[in-house]
Amino acid sequence: LRAAFHEIVPMFEKEYGVKVQVVYGPSQTQRRKIEQRAPIDVFFPAAIEEVEKLEAKGMTLNGGPRAYAQTSLVLVMSAASRAIAVSLRDVQPNRATRIAMGDPKTSALGEITTRAFARLDPAYKTHFHLLQAQHAEDVVNLVHTGAADMGIIYRADAIKSGQVRIIDEAPVGVHTPIRLGGAVVWTCRDASLKAAEEFMDFIVSPRIQKLMLKYGFDAVPSNG
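1. Overview of the packing of helix α2 (residues 27-35) against helix α3 (residues 48-56)
Next up, step 1: Interhelical geometry of α2 versus α3 gives an angle of 20° and a closest axis separation of 10 Å. As the angle between them shows, α2 and α3 are arranged roughly parallel. For the crossing formed where α2 meets α3, the hand is right-handed. Of the residues in α3, those in contact with Ser27, Gln28, Arg31, Ile34 and Glu35 of α2 are Glu50, Lys53 and Leu54.
Next up, step 2: Its residues assigned to classes, the contact of α2 with α3 comprises 2 nonpolar, 2 polar and 4 charged.

Below, the structure is given as structure tokens:
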């Protein structure tokens, strides 16, 4: 979201006269901070499931999670690699094949990738040499530098990166789009509540959903 928010946040600040401080970090880490009462007003993880976990605990306000964009998982190689593109289904189980992925203990990307891997091959942990990273940017760096042969990231991250190329749009048979959503959370300060609600409305507005297309995301269907 970093690139998109670099454009979206100044737009909101100018139109609403509100200063916004964005704190970036792994989704699960940020969720745990909210659970521990960190002073966070609005939460935008890399997958709406992280907000839904807070909603299940009664830690969201104003109707809970709202989806504003979606994407999917893709398999990538280094843009400089001359290797032949393959799909993950075509990769034979081989411990020598180094695949970079998000860390499921800290990132939504890692958790989603782990579930997808398990559907493809329940014994994937013993079949591949997996390298875990905190962020999609770290996965890209591992692939770009040659520390990993392939990586799995969100399509939106792959599209904006000049360091990797997509070699499989649906590497693990995951056909359900990954939804991005946010919510005003229970740690929202009273003085920030009105602005937090306005920011949430701003993010899910049609014009911001249209803007997100520029950053490689897909729009949320009208039925949600």
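2. Considerations on the pattern of salt bridges
Next up, step 1: Within this structure, the stated rule accounts for 17 salt bridges.
Next up, step 2: Note that Arg31 is salt-bridged to Glu35, the shortest N-O span being 3.1 Å. Of this pair, Arg31 and Glu35 both sit in helix α2, 4 residues apart, which is roughly one turn of the helix.
Next up, step 3: Note that Glu52 is salt-bridged to Arg179, the shortest N-O span being 3.2 Å. Residue Glu52 is located in helix α3, and its partner Arg179 is located in strand β8 (residues 178-184); the two are separated by 127 residues in the primary sequence.

3. Focus: the packing of helix α1 (residues 2-16) against helix α8 (residues 193-203)
Packed helices, taken two at a time, are described by the angle between their axes plus the distance between the axes.
Next up, step 1: Direction vectors running N to C along α1 and α8 enclose 125°, while the axes themselves pass 11 Å from each other. In terms of orientation, α1 and α8 fall into the oblique class. Here α1 and α8 pass one another in a crossing that is right-handed. Mapping the contact onto sequence places Phe5, Ile8, Val9, Met11, Phe12, Glu15 and Tyr16 in α1 and Ala195, Glu198, Phe199, Phe202 and Ile203 in α8.
Next up, step 2: Taken together, the residues that form the contact of α1 with α8 break down as 10 nonpolar, no polar and 2 charged.

Procedures and definitions
Residues numbered from 1 in each chain as written. Predicted model: local features only at pLDDT ≥ 70, side-chain atom pairs only at ≥ 80, totals over all residues. Heavy atoms only, no water. Axes fitted to C-alpha atoms, helices over the stretch in contact; angles between N-to-C directions. Helix = DSSP H or I, 4+ residues; strand = E, 2+ residues; numbered from the N terminus. Parallel < 35°, antiparallel > 145°, perpendicular 65-115°, else oblique. Left-handed = near helix turned anticlockwise from the far one by under 90°. Contact = heavy atoms within 4.5 Å. Nonpolar A, V, L, I, M, F, W, Y, C, P; charged D, E, K, R; others polar. Salt bridge = Lys/Arg side-chain N within 4 Å of Asp/Glu carboxyl O.

Any functional reading would require information beyond the geometric quantities listed.
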